Amino acid sequence: MGSEEIVRSLARDLTPVRRLRGIEWRMLLWAGLALLFVSIGTWVLGTRPDLSGKIRDPAYLLENGLLLLVFALSAWNAFHLSIPGAERGAAARMLPILLLLAWVCLIAGHAPDAMTPTAARVSAWRCVLKMSCLALAPAVAVVLMLRKAAPLNPAWTSGFALLSAGSLAVLGTRFLCAKDTPLHVLLWHLGPLLAAALVGIQLGKWLLIRPGARA
Amino acid sequence: MLDRRLSELMRRAQDGDRLAYETLLTEVIALVRGFARKRLRNPDQVEDVAQETLLSIHSHRHTYDPARPFLPWMYAIVRHRLFDFVEKQKRRGENEVPAEIAWEQVPAGETIVERGTTSGFLQQALLLISIKQREIIQMLKLEGLSVAEISRKTGISESSVKVTAHRGYKALRKLIAGAVHGE
């Protein structure tokens, strides 16, 4: 079959399609719903007892502000990567990763005497479970939304998508978990987030490319 | 100017205008060939990339936003298809066995003449083409399924089924020619 014949065949079989909404619209829709879900989830699971005091702590606010930026910029990257020609450069891709590194530095800068292995282990799996509950619905929603688009680089796209959903869950968990020790936060809050992003990168093709669809 | 015209044609195509779509794809294929020719020497490969790109543009046409320029959208797909094609060629190059040698690897160790039947000959040739091509040709020719039925069964678009089958026939012809030549 020659190319001209393919052109005629494709034109002959053409059916109207429903255009995908704009990138920003879809991203804001998802981000809004994810924020709403995590806020409700955090309230349902019960906030930390010292929250009223913590929200006046500038360091705590800065850390959470950084997580919020990681969430927003990762989502921005993921949604832009899902549309051909809308991808942004390497600098834009690096920004959420750099912000996450800045967050890690802030957490690691907490009082070193609090970094005891015992403190890190206590109730740690409960944090992972709560984080998974908070991340699940936003992660599923973002994957479904991105599958409708055409990610040409599914590994990066789903990596950023899961980083975004995961960082929002970590943010939610910071309102739930009263343990601020660096070892606990880095191991049990950051650890699962990095694992989710890596899973996203590894399974990107499987998660985002519909069977039979062309990447 | 070109971008605006192509963008308008795609907008109309998204609404189901077949004439606009044919015009658009005709213009697009010329651009794709030009782009691919700079990177590939073999005209057959240029044509393969052009066809793959057409199918990708067709299956992703819903993702084009008429508020954005058309050419960056199109060239992102072209670049991706070209990169994908080159990678596949590299992988194939590492594993590829020339037709004459490939026939020697066909099970049973019999020559074409000894086997003597056309069906046996084709069965062996089918083993040497890609799995996707083999499956589609088997469904089309052995199971007697229609293109539409295969498309439903595999989730691949009808156009893609036709192109894959066509590529399979081409590969079979090449193998048979190679084998006859080797005799």
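About the criteria used
In this convention, every chain numbers its residues from 1, walking through the sequence in written order. Following the order in which they are written, the chains are lettered starting with A and the ligands numbered starting with 1. Where local features are concerned, this predicted model is filtered to residues with pLDDT of at least 70; where side-chain atom pairs are given and counted, the filter is 80 or more; whole-chain, interface and lining totals use all residues. The basis for every side-chain value is the complete set of non-hydrogen atoms in the structure, without hydrogens or water. Throughout, a contact is declared for two residues whenever any of their heavy atoms are within 4.5 Å. By convention in these notes, a salt bridge is any Lys or Arg side-chain nitrogen within 4 Å of a carboxyl oxygen on Asp or Glu. In the analysis that follows, any N or O atom pair within 3.5 Å is treated as a polar contact, provided that within protein one partner can donate a hydrogen and the other can accept it, and provided that, for residues neighboring in sequence, both atoms belong to side chains. Helix and strand assignments follow DSSP, with helices taken as H or I runs no shorter than four residues and strands as E runs no shorter than two, numbered in order from the N terminus. Polarity classes work like this: nonpolar for Ala, Val, Leu, Ile, Met, Phe, Trp, Tyr, Cys and Pro, charged for Asp, Glu, Lys and Arg, and polar for all others, with Gly in that last group. Two cysteine sulfur atoms form a disulfide, by the criterion used here, when they sit within 2.5 Å. Residue exposure (1.4 Å probe, protein chains only): buried if accessible area is under 20% of the type maximum, exposed if over 50%, otherwise partly exposed. In this scheme, a helix's expected span is set at 1.5 Å multiplied by one less than its residue total. To get the bend at a given residue, fit one axis to the seven residues ending there, fit another to the seven starting there, and take the angle between those axes. Each Phe, Tyr or Trp ring (for Trp, its six-membered ring) is paired with any other whose centre lies within 6.5 Å, and the angle between the two planes then decides the class: stacked below 30 degrees, edge-to-face above 60, tilted in between. Charge over a ring is defined by NZ of Lys or CZ of Arg lying within 6 Å of the ring centre and within 35 degrees of the ring normal. Here an axis means a line fitted to C-alpha atoms, over the contact stretch when the element is a helix, while the angle between two N-to-C directions is reported on a 0 to 180 degree scale. Angle categories are assigned with fixed cut-offs, so that under 35 degrees is roughly parallel, over 145 is roughly antiparallel, 65 to 115 is roughly perpendicular, and the rest are oblique. Less than a right angle of anticlockwise turn of the near helix away from the far helix marks a crossing as left-handed, whereas a clockwise turn marks it as right-handed.

Draft legend 1. Inspection of the interface of chain B and chain A at higher detail. Across the contact, 43 residues belong to chain B and 37 residues belong to chain A. Along the contact surface separating chain B from chain A lie 3 salt bridges. Summed over the shared surface of chain B and chain A, the number is 13 residue pairs in polar contact (both at pLDDT 80 or more). With 8 residues, the top contributor of residues to the side of chain B that touches chain A is helix α3 (residues 43-59) of chain B. Residues belonging to the side of chain B that touches chain A are distributed by class as follows: 14 nonpolar, 15 polar and 14 charged.

Draft legend 2. A look at the environment of Ile29 of chain B. Position of Ile29 of chain B among the secondary structure elements: in helix α2 (residues 18-37). For the pair Ile29 of chain B and Leu9 of chain B, spaced 20 residues apart in sequence, the C-alpha to C-alpha distance is 14 Å. Non-local contacts of Ile29 of chain B, meaning those with residues more than four positions away in its chain, are made with Ser3 of chain A together with Ala50 and Leu54 of chain B.

Draft legend 3. Looking closely at the state of the cysteines. All names here are of chain A. What the rule picks out here adds up to 0 disulfides over all chains. Looking at the unpaired Cys133, the closest cysteine sulfur is the one in Cys127, lying at 12 Å. Exposure remark for Cys133: the relative accessible area of 43% places this residue in the partly exposed category. As a non-bridged cysteine, Cys177 has Cys127 as the owner of its nearest cysteine sulfur, 3.5 Å distant.

Draft legend 4. Representation of helix α7 (residues 124-147) of chain A. Residues and elements named next belong to chain A. With 24 residues, α7 should reach 34 Å at 1.5 Å per residue; the first-to-last C-alpha distance of 33 Å fits that figure. At Ala135, α7 shows its maximal kink, close to 35°; a proline, Pro138, follows between one and four residues later. All of the buried residues in α7 are Ala124, Cys127, Val128, Met131, Leu134, Ala135, Pro138, Ala139, Val142, Val143, Met145 and Leu146.

Draft legend 5. Here's a closer look at the environment of Trp206 of chain A. Residues and elements named next belong to chain A. Take Trp206: it is sitting in helix α10 (residues 204-208). Using a relative accessible area of 64% as the deciding quantity, one classes Trp206 as exposed. Along the chain, Trp206 and Ser158 lie 48 residues apart, while their C-alpha atoms are 9.8 Å from each other.

Draft legend 6. Layout of the pattern of salt bridges. Inspection of the entire model under this criterion finds 17 salt bridges over all chains. A salt bridge links Glu87 of chain B to Lys90 of chain B; the shortest N-O distance between them is 3.5 Å. Here Lys90 of chain B and Glu87 of chain B lie together in helix α4 (residues 70-95), a separation of 3 residues that amounts to about one turn. Glu87 of chain B sits in the partly exposed class, given a relative accessible area of 25%. One salt-bridge network, held together by shared partners, links Arg48, Asp50, Lys54, Asp57, Glu63, Arg174 and Asp180 of chain A.

Draft legend 7. Structural view of the packing of aromatic side chains. All names here are of chain A. In this structure the tally under the stated criterion is 9 aromatic pairs over all chains. Relative to Phe79, the ring of Trp30 lies with its centre 6.2 Å away and its plane at 40°, an arrangement referred to as tilted. On the criterion of sequence distance, the pair formed by Trp30 in helix α2 (residues 23-45) and Phe79 in helix α4 (residues 58-81) is long-range, its members being 49 residues apart. In this structure Trp30 comes out as buried when scored by relative accessible area, which is 2%. Geometry around Trp156 places Arg93 over its ring, the cationic atom sitting 5.6 Å from the centre.

Draft legend 8. Spotlight on the packing of α2 of chain A against α7 of chain A. Residue and element names in this part refer to chain A. Where α2 contacts α7, the axes come no closer than 10 Å and their chain directions differ by 165°. For the element pair α2 / α7, the angle class is roughly antiparallel. The two elements α2 and α7 cross, and the hand of that crossing is right-handed. Contacts from Arg26, Leu29, Trp30, Ala34, Phe37, Val38, Gly41, Thr42 and Leu45 of α2 reach α7 at Lys130, Cys133, Leu134, Ala137, Pro138, Ala141, Val142, Met145 and Leu146. Residue composition of the contact of α2 with α7, by class: 14 nonpolar, 2 polar and 2 charged.

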